[in-house]
Structure formats: structure tokens, C-alpha cells
Amino acid sequence: MKICSYVLSSGLDVYNIVGRLADNFRKILANYNLSFKWYGVIGEDKDIPECDISIFLVGSGGTEELIIESVNRSKIGLIIYHDSNNSLPALLEALPCLRGIYLYEDISRLDMKLIKAIRGLYRFLSSRIGLIGGVSKWLVYSRVDPDLLELKYGIKLVAIDMAKLDSYWDEDLDQYLMDHIIKNAVDIYVNESDVAKAVKLYRRLVKIAEKYNLDAFTIDCFKLLELHGLTPCLPLSILNRNGIVAGCEGDVPSLIGMLLGYKVTGMDVFMGNPSIIGEDYIVLSHCTAPLYKPYKLYTHFESNKGVAVSRVYESWTRVTLLRLDFNKFRARIGFGVIGEKVNYERLCRTQAKIYLNNARKILEDSIGNHYIMIRGDHTKILPKILTSLGFKVEWI
């Protein structure tokens, strides 16, 4: 990852404002322990470097063409402006002409969180994601064109036949992992033999991810259930705990939301159904969640087979909700707080009651089912990242 940094100037600097700005800007970036190449003050487009990430300061007015060329020569451009020397007017003039992926921020609000998020965004772009077994037939709205993903973001969708999971039971049993999972469970309502099958399936899925060099994948869970009589709930929980983003039901838009959320924030992500919607709360539920304690092991809710995970999220934890709509290129974001613990008998095993404003918008202006829950408040960073990717951001 080549990160470049520099200051743009029109060349008119009789008061040495740009020079002082450049010294200060370099010190700010150095304080972040960021590995970058410093190019100093640039006044001609021939001197603008080709970079993976360019973090550049608009030092003066008259730099509109330089701003455009800087973004053109970057996979991601982070444009920094300030409140003097006609920096912001230059950016305003250039913004309508910009193409590609870029963000902008006032130098007074620049922080390490934003820079870390941009580095995560870079890792997200050009990802390889797997689709094992196809998209579940009931996902009638939650679809995305694979060609669009590759053209717009460089993300390659790899179709993988469900037959790759045949004879998963021949995998060696990782006894240590199995014992660890059982030992750390608060309660277990399944047989150890079922846990053993799930651990073997996990090993097969890891091999598939390695073989196809996948950053993430989603699987048609119910097709697996139909063919082999078990679900991937526990394996997906382990994978998400270990940093391999794995989603359910062949839902590619949700998988992309999970991967983006994980890469940009560094926090674990949970894909769930909004199963109950009140005036100021929702209940998200699913049978898999990143395998952090405390958790319980049950059977899968709908089928009463396999091994599902009931993760108990800590009450009063701040969370961010995310839903991507590739049909209209809308990104929906909400901030909430996990409330009291709930345990509804007729819902999927992991359940989180989340208090948030305007909860009924999820129902009254539906953009599909699955929502992504990310631990922590990321409502300052995510809108900037999503806007840079071409989404129109809206709030729950």
C-alpha cells in the first residue's frame, strides 16, 4: 500500500502561507505514526505521484486542476482543506468534476480514525468474495450485479459449487477447537457429535477460503441443510470470530456490508433479521454471530438441526446499523443501544434488542431484510466512506 502526502499550491505564496501549512501538515501526519512518502509542495500536475492512497492538503486557491489530477492518480484520495488562503473555494470548484473514490475533511477535524478507515477501505476495494451454492430464492430484492461490483469497486465475486462441501465429514477433527467451543459455552442444547460435524465443516470452509483466496464469502445455508442435514451457523460464527467475514443465505449485498463494516471499523459485525419492530426499538435475530463469550449452543431455529449460536450481547452497548441497497444505491445508517436481554422462543437464536430513533422506517420504507450491526458508534466515519463509494446516505 503506497500512501503519498503533499500540499497543492498555485505558486502564489508571497506570505509563505503554504510553506508554513506544509510544515504543519507533515507534522500532523507524522504524529499518527503513518508510513507515507512525503512529496512536499506540488504546483504542477506533472509532479503529482501515482498512489494507492493520496492524503493531500489544498494549500491555496487556483489549485482546482491539481485537485482533479490528484484524485485521478489515486485509488483513494483524501482531500484536506483549511479555512484560509482560498483553500475551500478551490475545493468547491473542483468537487463537481471529481471522479473515482475520494473523501474530504477540514484539517481541524482530521484524526487517526478517518485515516484508519481509509486504509480499511483500500483493503475492501479489489476484495475477492465467494458465493457458495448460489443466492437463496427468497431474496427477491437483495441482489447485486457481479459485473457492477467488479467494474465499480474491483470486487471479484467467485461462484463456488456446493459440491465442494461434499464429504466434509472426511476432514480431520480439530479436537482442541471442539473442546474449546464446548468448554466456553454457557449452555449446550446439542449433542457433541453435532458439534464435531460443525467443526469439520468449518475446516472445509477454511480450505475453500484459502483455495480461492477469499476475503469473505456467503453460503446458501438452506441448500446445505437440504443436502447434508446441517447448517453452517457454528462454522460461520467461528470464521467471523477469526476475521474471515462469512454471511448467510447467499446474501451478497449483506456480505458486502459486513465486509465493509469490518474493514473500515475493525469491529465484529452481525447480520440479522429485523424480526420485531417497535416505535423506538427493533429485535435483530439470526442463528449465527461472531463467537465471543458469553454464548450458548442450540439447534438451528427453523429446522431444529445442526448447531446454532446464541450470542448474548452486553446490554447498553452502542451499535451502528447498516443496510446497503444496490438497486437504488442507498445506504441506510442508524445509531442504537442494545437494551435488556431478550429470549424469544420463536425467533432465531442470537437476539439483540436495539433501541433507536425512528425504528419503524425499517418497515415503512423497506429496502430489504437483513441489517448489519457493528459494535460501536461509527456514525461519523461510515457516511463519509459510503458517500465516497457512490451511495446516497440516509438515516434511520
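In case you missed it, the structure is sitting above this.
Here the structure is a predicted model, which means the values were calculated and not measured.

Caption draft 1: Expanded view of the pairing of strand E7 (residues 156-160). Summarising the sheet, strand E6 (residues 128-132) and E7 pair through 5 bridges and their orientation is parallel. Bridge pairing links Gly 130 to Val 158 in E7. Handedness of the crossover is the feature at issue here: the chain leaves E6, passes through helix H5 (residues 146-153), returns alongside E7, and the resulting connection is right-handed.

Caption draft 2: Representation of the layout of surface pockets in the model. Considering only enclosed or pocket space, the largest pocket measures out at about 430 Å³ in volume. As for the largest pocket, its lining consists of 15 residues, of which Lys 113, Leu 114, Asp 377, His 378 and Ile 381 are closest to the centre. Elements that contribute at least two residues to the lining of the largest pocket include exactly helix H4 (112-124), helix H10 (252-265) and helix H12 (381-388). When residues in the lining of the largest pocket are grouped by element, the largest group, 4 residues, is from H4. Considering only residue class, the lining of the largest pocket consists of 4 nonpolar, 3 polar and 8 charged.

Caption draft 3: Quick peek at the packing of helix H6 (residues 175-184) against helix H7 (residues 192-211). Relative to each other, H6 and H7 sit at 125°, their axes nearing to 10 Å. Relative to H7, the element H6 lies oblique. For the crossing formed where H6 meets H7, the hand is right-handed. Residues Leu 177, Met 178, Ile 181 and Ile 182 of H6 touch H7, and the partners they reach there are Glu 192, Val 195, Ala 196, Val 199 and Tyr 202. Tallied by class, the residues present in the contact of H6 with H7 amount to 8 nonpolar, no polar and 1 charged.

Caption draft 4: Focus on the sheet that holds strand E3 (residues 51-58). Pairing is parallel in the open sheet, where 5 strands are placed in the order E2-E1-E3-E4-E5. Each having just a single partner strand, strand E2 (37-42) and strand E5 (102-106) make up the two edges of the open sheet. Strand-to-strand twist in this sheet, taken as the mean axis angle between neighbours without regard to direction, amounts to 20°. One ladder, built from 4 bridges, connects strand E1 (residues 3-8) with E2; its direction is parallel. Bridge pairing in E2 links Leu 8 to Ile 42. Packed on one face of the sheet, H4 meets E1, E3, strand E4 (74-81) and E5 and runs near 165° to E4.

Caption draft 5: Representation of unusual backbone geometry in the model. A cis amide bond, omega -5°, links Lys 293 with the succeeding residue Pro 294. Within the secondary structure, Pro 294 is located in the loop between strand E11 (281-286) and strand E12 (295-298). If you check the backbone angles, Ser 167 has positive phi at about 60° while not being a glycine. Relative to the elements of secondary structure, Ser 167 occurs in the loop between E7 and H6. We classify Ser 167 as partly exposed; its relative accessible area is 28%.

Caption draft 6: Quick peek at the environment of Ile 374. Mapped onto the fold, Ile 374 is located in strand E17 (residues 371-375). A relative accessible area of 0% places Ile 374 in the buried class. Here the alpha-carbon distance between Ile 374 and Leu 321, two residues 53 residues apart in the chain, equals 6.3 Å. Those residues in contact with Ile 374 that sit more than four places away from it in its chain are Gly 261, Thr 265, Met 267, Asp 268, Val 269, Arg 318, Val 319, Thr 320 and Leu 382.

Caption draft 7: Representation of the sheet that holds E7 in the model. Spatial ordering of the open sheet is given by E7-E6-E8-E9, a layout of 4 strands whose pairing is parallel. Taken across any chain shown, the strands that pair with only one partner, and hence form the sheet edges, are E7 and strand E9 (245-248). Across the sheet, the axes of successive neighbouring strands diverge by a mean angle of 20°, strand direction being ignored. Relative to E9, strand E8 (residues 216-219) is paired through 4 bridges, and the arrangement is parallel. The partner of Ile 219 across the bridge, within E9, is Cys 248.

Caption draft 8: Highlighting the state of the cysteines. Inspection of the entire model under this criterion finds 1 disulfide. Shown here is the disulfide that connects Cys 4 with Cys 51, its sulfur atoms set 1.9 Å apart. Its S-S torsion of about -100° marks the bond between Cys 4 and Cys 51 as left-handed, since a negative value means left-handed. Taken together, the residues Cys 4 in strand E1 and Cys 51 in strand E3 connect sequence positions 47 residues apart. Summarising the burial analysis for this pair, Cys 4 and Cys 51 share the class buried. For Cys 233, which is in no disulfide, the shortest distance to another cysteine sulfur is to Cys 287 and amounts to 5.1 Å. Owing to a relative accessible area of 8%, Cys 233 belongs among the buried residues under this scheme. This cysteine, Cys 348, is not joined by any disulfide, and Cys 287 carries the nearest cysteine sulfur, 4.2 Å off. Look at Cys 348 and you get buried, because its relative accessible area is 5%.

What counts as what
- Along each chain, residues carry numbers from 1 onward, in the same order as the chain's sequence is written.
- Predicted model: local features are reported for residues with pLDDT of at least 70 only, side-chain atom pairs are reported and counted for 80 or more only, and whole-chain, interface and lining totals are derived from all residues.
- Values shown for side chains rest on all heavy atoms present in the structure; no hydrogens or waters enter the calculation.
- Here, a strand pair is defined by DSSP locating no fewer than two bridges between the strands.
- To qualify as a helix, a DSSP run of H or I must reach at least 4 residues; to qualify as a strand, a run of E must reach at least 2; elements of each kind are numbered from the N terminus.
- Orient the strands so they point away from the viewer, and a crossover whose first-strand-to-second-strand path over the helix runs clockwise is right-handed.
- Buriedness of a pocket was judged along seven lines, with at least five required to meet protein on both sides within 12 Å; pockets are open sets of points on a 1 Å grid over the protein atoms alone, cavities are sets where a 1.4 Å probe fits but cannot get out, and lining residues have an atom within 4 Å of a point.
- Grid points are joined across faces, edges and corners, and a volume is the space filled by probe spheres set on the points.
- Under the scheme applied here, ten amino acids are nonpolar (Ala, Val, Leu, Ile, Met, Phe, Trp, Tyr, Cys and Pro), four are charged (Asp, Glu, Lys and Arg), and all others, including Gly, are polar.
- Lines fitted to C-alpha atoms define the axes here, with helix axes fitted over just the stretch in contact, and angles between the N-to-C directions of these axes take values from 0 to 180 degrees.
- The scheme is simple: roughly parallel for angles under 35 degrees, roughly antiparallel for over 145, roughly perpendicular for 65 to 115, oblique for anything else.
- Rotating anticlockwise by less than a right angle from the far helix to the near helix defines a left-handed crossing, while the corresponding clockwise rotation defines a right-handed one.
- Here, residues are in contact when the closest pair of their heavy atoms is within 4.5 Å.
- Buried, partly exposed and exposed residues are distinguished by accessible area as a fraction of the type maximum, computed with a 1.4 Å probe on protein chains only: under 20%, between the cut-offs, and over 50%, respectively.
- Note on terminology: disulfide denotes any pair of cysteine sulfur atoms within 2.5 Å.

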